[in-house]
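Fold and contact review
Here is what each chain is made of, one letter per residue.
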Amino acid sequence: MDSRPIGIFDSGLGGLTVVSEIMRQLPHEQTLYFGDTARFPYGPRSAEELRGFVFEIIDFLLIYDVKFIVIACNSASAAALEAAQQFYSIPIIGVIEPGARAAVQATRNRRVGVIGTQATISSGSYITSMKTIDAGVKAYSLACPELADFVERDEITGERVEGAIKWYLDPLVRDGIDSLILGCTHYPLLSETIAKVAGDDITLISSAEETARELKEFLQRKDSFREGGVRPEPRFFSSGDEGVFGRLGARFLGQEIARVERVHLPFKAKVNRVEKG
Ligand code: DGL
């Protein structure tokens, strides 16, 4: 048993879709979420810059003695998961491998589409992950730079967003994909519109659900669930405006956010890093 909280972070609000799933699948665990809204978006940034952000945020979360870290951002997972896992002694998972595994299991014709930010798609991480499970899978990936912005400004239905999704998905549909990885933590909020455009024959894979499942398996194997009883209140930190975070974040989380704590960048606190190896 381990009653410490789970630390989760993203470039903005999208990772709250992962928090929502974690809260659903792990009803006793306390979550601590950091949304780096002041530096959103991560998608157009370089891997090197993202690695710096990721290390900085993990150091921040370690101040709260978290037992596990979830990088609930595809762009940050693609750029920095491996480096972070090598550096820190605490267990860390990202969102890419769980999504890739689910897609390989779901596809019937072994043609899988992947949509995400520029950083995620150009890293090729989803393709690499899928191919380690099934080398015969054909992956069709596409960067959709505008889609996370639609979500972040709460425009998740309507002509404009539907038009953009159609424009992005048309080539993938023509490629004959039967499964589509929503490779950005913002996209689950667009899933209704994406499903409408993609049609009934394409299965949508949300990494949020799969990541929560993977976290649950980890905690099970390490026997580090929090003991039952009332779950402590989740905590939310934001590097940007607390009001916007609380208002829009509630939609991502699927429930009200009572309090958001503002964190000013750069972080001042220093944590003793434990280097592995
Ligand atoms: N949430 C980020 C991800 O999953 C996308 C948004 C951004 O560009 O920061 O990749």
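Preceding block: the structure.
Keep in mind that what you see is a predicted model, and the values were worked out from it rather than measured.

Definitions and cut-offs
- Residues numbered from 1 in each chain as written.
- Predicted model: local features only at pLDDT ≥ 70, side-chain atom pairs only at ≥ 80, totals over all residues.
- Heavy atoms only, no water.
- Pairing = 2+ DSSP bridges.
- Helix = DSSP H or I, 4+ residues; strand = E, 2+ residues; numbered from the N terminus.
- Axes fitted to C-alpha atoms, helices over the stretch in contact; angles between N-to-C directions.
- Contact = heavy atoms within 4.5 Å.
- Buried < 20%, exposed > 50% of the residue type's maximum accessible area, 1.4 Å probe, protein only.
- Near = heavy atom within 4 Å.
- Polar contact = N/O pair within 3.5 Å; in protein donor to acceptor, adjacent residues only side chain to side chain.
- Areas by Shrake-Rupley, 256 points an atom, 1.4 Å probe, with all protein chains shown as cover.

1. Concerning the sheet that holds strand 8 (residues 203–206)
Read across the sheet, four strands follow the order 6-5-7-8 without closing on themselves; strand pairing throughout is parallel. Of all strands in the sheet, those bounded by a partner on one side alone are strand 6 (138–143) and strand 8. Adjacent strand axes in the sheet meet at a mean angle of 25° when their direction is disregarded. Strand direction decides the pairing type here: strand 5 (residues 111–116) and strand 7 (residues 179–183), joined by five bridges, are parallel. Paired with Val 112 across the two strands is Ser 179, which belongs to strand 7. Packed on one face of the sheet, helix 8 (residues 159–174) meets strand 5, strand 6 and strand 7 and runs near 165° to strand 6.

2. So, the sheet that holds strand 3 (residues 68–71)
The parallel open sheet is built from six strands, whose spatial order is 4-3-1-2-9-10. Of all the strands in the sheet, just strand 4 (92–93) and strand 10 (261–262) have a single pairing partner and so form its edges. With four bridges joining them, strand 1 (residues 6–10) and strand 3 adopt parallel strand pairing. Its bridge partner lying in strand 3, Phe 9 is registered against Ile 71. Together, strand 1, strand 2 (31–35), strand 3, strand 4 and strand 9 (235–238) form the strand contacts of helix 2 (residues 47–62), whose direction differs from that of strand 1 by roughly 150°.

3. A few points about the environment of Ile 92
Residue position: Ile 92 is located in strand 4. Take Ile 92: its relative accessible area is 5%, and that puts it in the buried class. In sequence terms Ile 92 and Ile 69 are 23 residues apart; their C-alpha atoms lie 4.7 Å from each other. Those residues within four positions of Ile 92 in sequence are excluded, and the remaining contacts are Ile 58, Ile 69, Ile 71, Leu 81, Ala 84 and Gln 85.

4. What to know about the site of the ligand
Taken together, 15 residues lie around the ligand, and Ser 11, Tyr 42, Gly 43, Ser 75 and Thr 185 are the ones closest in. One of the backbone nitrogen or oxygen atoms of Tyr 42 is found 2.6 Å away from an oxygen atom of the ligand. Considered on its own, the ligand offers 300 Å² of accessible surface; in the complex 99% of this is hidden by protein.

5. Quick look at unusual backbone geometry
Residues Phe 40 and Pro 41 are joined by a peptide bond in cis, for which omega reads 0°. Examined against the element boundaries, Pro 41 turns out to sit in the loop between strand 2 and helix 2. Of note, Asp 65 is a non-glycine position whose phi angle comes to about 55°, a positive value. With respect to the helices and strands, the residue Asp 65 is situated in the loop between helix 2 and strand 3. Owing to a relative accessible area of 43%, Asp 65 belongs among the partly exposed residues under this scheme. In the Ramachandran plot, Arg 110 falls in the positive-phi region, its phi being about 60° despite a non-glycine side chain. Tracing the backbone shows Arg 110 in the loop between helix 4 (96–106) and strand 5.

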